[in-house]
Each structure stands twice: as C-alpha cells, then as structure tokens.
Amino acid sequence: HKLSDRLIIDNTFFYDDYIREGNDGTNAEFIYGYEFNGKYVAMQDWKLDLSYVYHYGRDGQELPDAPILTLPKHTVIASSYYTYNEKTDFDISYYFLDDTTRSGTKVASYSRLDLRFEYRFIENFRLSVTAQNILEDEHIESNYDSLQGNSVVERAFIAKASYEF
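Keep in mind the model is a prediction, meaning the values are calculated, not measured.

This part is about the pairing of strand β5 (residues 74–85). Both β5 and strand β6 (residues 88–97) contribute to a ladder of ten bridges, which runs antiparallel. Pairing of Tyr81 across the sheet is with Asp91, part of β6. Counting the residues that bridge the hairpin from β5 to β6 gives two residues.

Next up, the structure:
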C-alpha cells in the first residue's frame, strides 16, 4: 500500500492447507504466517527496505501435528541503498534467520551483514566490491527449500566488473 511518495508498506497474512502423499500414506499439512515489507525513501539518494516473515505449520508426515521445523519461524532482512553521487553507490544489508532443523540436525539462528560498494567509471562500465558475512568467519545455513543438506557459509570478498553493451 503506497502511504505517500516516500513510503510503501505491504502486509500479507497467509494460510496454505494442502495434502502431500508420503511413503506411508497421505498426510495433511498447513502453513500459516505473516509477511511485512516496507520501503522508505529517506532522501532522494537513500532508500531503506525492511522485510519480516513469520512462518508456522504442522507436518503430519513427521508425527501427527508435528511442527514444520525446516522453515525458520522468524526472518528479518533490512537494507540500506545509498547513492553518494552519480558514480558511487554504497549498500548495507542485514539478515536474521531463526533456528531450523534439517535432516534431524538443528541449525542455529544466525545474523549476517553484507556491504557493497559500486563505482561507475563510465556510463556502461561498473566495478563493485562486496563483503559478505562480515560478522562471523562462517555460519551454517539450512537449505530448507531444496533437497540438499545444510551449507557452511564463509566470509567472502567479491570483486565484480561489468560492461553493458
């Protein structure tokens, strides 16, 4: 919902009720939750985003009425996008994901902070440098939306040059 020229807020409540066929029969499941997304233009060159997601569900395949543990109950993403001048951008993103369990292994909640600096030398040529996961040397992330196991995510520094034709 656009509240003003500078502020947009979206709220969503959801409930998904579905049937999944498991190896030992048909099991009913449901997931419900809330999603919030806010976008704010603090100044012409500075934009802020905030997202929050709450998930809860029951999985009849694990045990009757067992909570779905592979989804984080709380997820927060906050980002700041600043254009210093027509050639320079600086972005900061913060992530928080709540505890999850994948393949019987608990994955602890974690926070992650990423920084990105971009410089446009000429109209079509850009150079960016990104520092990911600067709060810790490494942390474990659950791949809850795939068939893969958990992943160890290390601190990373990435340089990227791009040219658009």
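Now that the structure has been shown, the text picks up again.
Its location among the elements puts Arg120 in strand β9 (residues 110–122). Within the local environment of Arg120, its side chain forms a polar contact with the side chain of Asp89, the two groups lying 2.9 Å apart. Within the local environment of Arg120, its side chain forms a polar contact with the side chain of Glu118, the two groups lying 3.0 Å apart. Setting aside residues up to four positions removed in sequence, Arg120 forms contacts with Thr83, Asn85, Glu86, Lys87, Thr88, Asp89, Phe125 and Arg126.

What follows is about the packing of aromatic side chains. Overall, the coordinates contain seven aromatic pairs when judged by the stated rule. With a centroid separation of 5.0 Å and an interplanar angle of 75°, the aromatic rings of Tyr163 and Phe165 are classed as edge-to-face. Of the residues examined, Phe165 reaches a relative accessible area of 93% and is grouped as exposed. Taken together, the ring pairs in this structure connect Phe13, Tyr34 and Tyr52 into an aromatic cluster. It is Arg112 that lies over the ring of Tyr95; its NZ or CZ is 4.3 Å from the centre.

Following the criterion strictly, the structure yields nine salt bridges and no others. The shortest N-O distance in the salt bridge between Asp114 and Arg112 comes to 2.5 Å. Across the pair Arg116 and Glu118 runs a salt bridge whose closest N-O atoms are separated by 2.9 Å. Overall, the relative accessible area of 25% leaves Arg116 in the partly exposed class. Looking at Glu118, the relative accessible area reads 9%, which means it is buried.

Residue-level pLDDT values for the chain average 83, and 79% of them are 70 or greater. Across residues 22–26 the pLDDT falls below 50, and counting only partners more than four positions away or on other chains, this stretch makes seven contacts in the model.

As a further point, take the pairing of β9. In this structure, β6 lies alongside β9, joined through ten bridges in antiparallel fashion. Counterpart to Ser93 in the pairing with β9 is Asp114. Judged from the seven bridges that link them, β9 and strand β10 (residues 125–132) form a sheet pairing that is antiparallel. Opposite Leu115, over in β10, you have Ala131 as the bridge partner. Between the end of β9 and the start of β10, which pair antiparallel, lie two residues.

What follows covers the side chain of Ser93. Locating Ser93 in the fold gives a position in strand β6. We classify Ser93 as buried; its relative accessible area is 10%. Reaching out from Ser93, the side chain makes a polar contact with the side chain of Ser79 at a distance of 3.0 Å. Not counting the four nearest positions on each side in its chain, Ser93 is found in contact with Ala78, Ser79, Arg112, Leu113 and Asp114.

Cut-offs and rules
- Residues numbered from 1 in each chain as written.
- Predicted model: local features only at pLDDT ≥ 70, side-chain atom pairs only at ≥ 80, totals over all residues.
- Heavy atoms only, no water.
- Pairing = 2+ DSSP bridges.
- Helix = DSSP H or I, 4+ residues; strand = E, 2+ residues; numbered from the N terminus.
- Polar contact = N/O pair within 3.5 Å; in protein donor to acceptor, adjacent residues only side chain to side chain.
- Contact = heavy atoms within 4.5 Å.
- Phe/Tyr/Trp six-rings, centres within 6.5 Å; stacked < 30°, edge-to-face > 60°.
- Buried < 20%, exposed > 50% of the residue type's maximum accessible area, 1.4 Å probe, protein only.
- Lys NZ or Arg CZ within 6 Å of the ring centre and 35° of its normal.
- Salt bridge = Lys/Arg side-chain N within 4 Å of Asp/Glu carboxyl O.
- pLDDT = per-residue confidence, 0-100.

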